Amino acid sequence: MAAEADSVSAGLGPGDPGRLPLPGGCTLRRHRDRVDVLVGGVGPAAVAAATGTALTHGALTGDPYGLVVSAGIAGGFQPAAPVGSVVVSSAIVAADLGAETPDGYLPVEDLGFGRSAHAVPESVTAGITAALAPGCVLAPVLTVSTVTGTARRAAELVERHPTAAAEAMEGFGVAEAAVAHGVPVVEIRAVSNAVGPRDRAAWRIGEALGALRHTFELLGSTVFVES
């Protein structure tokens, strides 16, 4: 969303980035050191389309990307990822891509087709976690199409994915587009609320956006510096 992109852009440095319209109505914000910021939309389908458009444009213009980062705020599984913390994905997982059966949930792999997870190699996460240490959590990040709003749903997700630290709505769509183009991908999320019963009064969106901005201040002076 725009507020998340604004925080990322602010962290990358002062000044107004250049703007590059893309087919389909998206616009790239072009920062120094060849870092582009894109508002991809809500949900895995919208961001897969937007990410694929940006990656295709880069490839066709002879300026391909070397890394894709899905970034924003998210719900955190407690106590692994408290409000205000930052989660870096060790894997990007489509947590509800599968089937419900009388014997429980089956991921799409168990149905005999498709995939529901992308592991993020250490070669991608190592520099990011080093730049953010000690203020980040390295763990799987779940992608869902319906945000968790009950304790029962949270418990189900924890049972299926006991090492997950965060839940959001876009990462797997971004990952699918990146992998299709052969580009490494990672997800970075600042935690605004606990995964569980929906309690808007307890959300700390401003704090999470501030953490997101600080994250990209750190990454903009380390990992994203053009060599």
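What you see is a predicted model; the values in this text were computed from it and never measured.

Would you mind showing me how to read the sheet that holds strand β2 (residues 27-31) here?
Pairing between the strands of a sheet is mediated by backbone hydrogen bonds and can be parallel or antiparallel. Across the sheet, three strands lie side by side as β1-β2-β3; this open sheet has antiparallel pairing. What marks the edges here is a single partner per strand, and that holds for β1 (18-21) and β3 (35-38). With direction set aside, neighbouring strand axes in the sheet form an average angle of 30°. With four bridges joining them, β2 and β3 adopt antiparallel strand pairing. Across the sheet, residue R30 finds its bridge partner in β3, namely D36.

Sorry if this is basic, but what is going on with the pattern of salt bridges here?
Pairs can form between side chains of opposite charge once their charged atoms are near each other. Considering all chains together, one arrives at 11 salt bridges under this definition. Among the ionic pairs, D6 bridges to R29, the shortest N-O distance being 2.9 Å. One end of the pair, D6, is in helix α1 (residues 2-12); the other, R29, is in strand β2, and 23 residues separate them in sequence. Between R160 and E100 there is a salt bridge whose closest N-O contact spans 3.5 Å. Of this pair, R160 sits in helix α4 (residues 151-160) while E100 is found in strand β6 (residues 98-101), placing the two residues 60 residues apart along the sequence. Connected through salt bridges with shared partners, the residues R30, D36 and D63 form a single ionic network.

Mind showing me how you'd approach the packing of aromatic side chains here?
Taken as a whole and judged by the stated rule, the model has one aromatic pair. A cation over an aromatic ring shows up here: R160 above the ring of Y105, its NZ or CZ 3.9 Å from the ring centre.

Looking at this structure, I do not really get the confidence of the model for the protein. What am I missing?
Caution applies to low-pLDDT parts of the model: their predicted coordinates are not meant to be read in detail. On average, residues of the protein score 93 in pLDDT, and 99% of them are at 70 or above. When mean pLDDT is compared element by element in the protein, strand β5 (residues 86-94) scores highest at 98, while strand β7 (residues 104-107) scores lowest at 90.

Which parts of the structure should I look at to understand α1?
The α-helix winds at 3.6 residues per turn, so residues separated by three or four positions along the chain end up facing the same way. All of the buried residues in α1 are E4, A5, S7, V8, S9, G11 and L12. As for α1, its buried residues are in contact with β2, β3, β4 (68-76), β11 (185-194) and α6 (205-220). Positive backbone phi, approximately 140°, marks G13, located one or two places after α1.

Can you walk me through the packing of α1 against α6 in this structure?
The relative placement of two packed helices comes down to the angle between their axes together with the axis-to-axis distance. In the contact formed by α1 and α6, the axes pass within 7 Å of each other and the chain directions differ by 35°. Relative to α6, the crossing made by α1 is right-handed. Between α1, through A3, E4, S7, V8, A10, G11 and L12, and α6, the contact on the second element is made entirely by L209, L212, R213, F216, E217 and G220. Its residues assigned to classes, the contact of α1 with α6 comprises seven nonpolar, three polar and three charged.

About the thresholds
Counting restarts for each chain: residues are numbered from 1 in the order of the written sequence. Predicted model: local features are reported for residues with pLDDT of at least 70 only, side-chain atom pairs are reported and counted for 80 or more only, and whole-chain, interface and lining totals are derived from all residues. Derived side-chain values reflect all non-hydrogen atoms in the structure, with water molecules and hydrogen atoms excluded from consideration. Between any two strands, pairing holds if DSSP finds at least two bridges. Strands here mean DSSP runs of E at least two residues long; helices mean DSSP runs of H or I at least four residues long; both are numbered from the N terminus. Convention adopted: a line fitted to C-alpha atoms gives each axis, helices being fitted over their contacting stretch, and angles between N-to-C directions are expressed from 0 to 180 degrees. Here, a salt bridge means any side-chain nitrogen of Lys or Arg that lies within 4 Å of a carboxyl oxygen of Asp or Glu. The aromatic pairing rule takes the rings of Phe, Tyr and Trp, using the six-membered ring of Trp, and pairs them if the centres are within 6.5 Å, calling planes under 30 degrees apart stacked, those over 60 edge-to-face and the rest tilted. A positively charged side chain is recorded as over a ring if its NZ (Lys) or CZ (Arg) lies within 6 Å of the ring centre. The angle to the ring normal must also be within 35 degrees. Along the chain, pLDDT gives the predictor's confidence residue by residue, from 0 to 100. Whether a residue is buried, partly exposed or exposed follows from its accessible area with a 1.4 Å probe, protein chains only, as a fraction of its type maximum: under 20%, in between, or over 50%, in that order. The contact definition used throughout considers only heavy atoms, calling two residues in contact when any of these lie within 4.5 Å. Note: crossing handedness is left-handed where the near helix turns anticlockwise from the far helix by less than a right angle, and right-handed where it turns clockwise. Under this grouping Gly is polar, as are all residues other than the nonpolar Ala, Val, Leu, Ile, Met, Phe, Trp, Tyr, Cys and Pro and the charged Asp, Glu, Lys and Arg.

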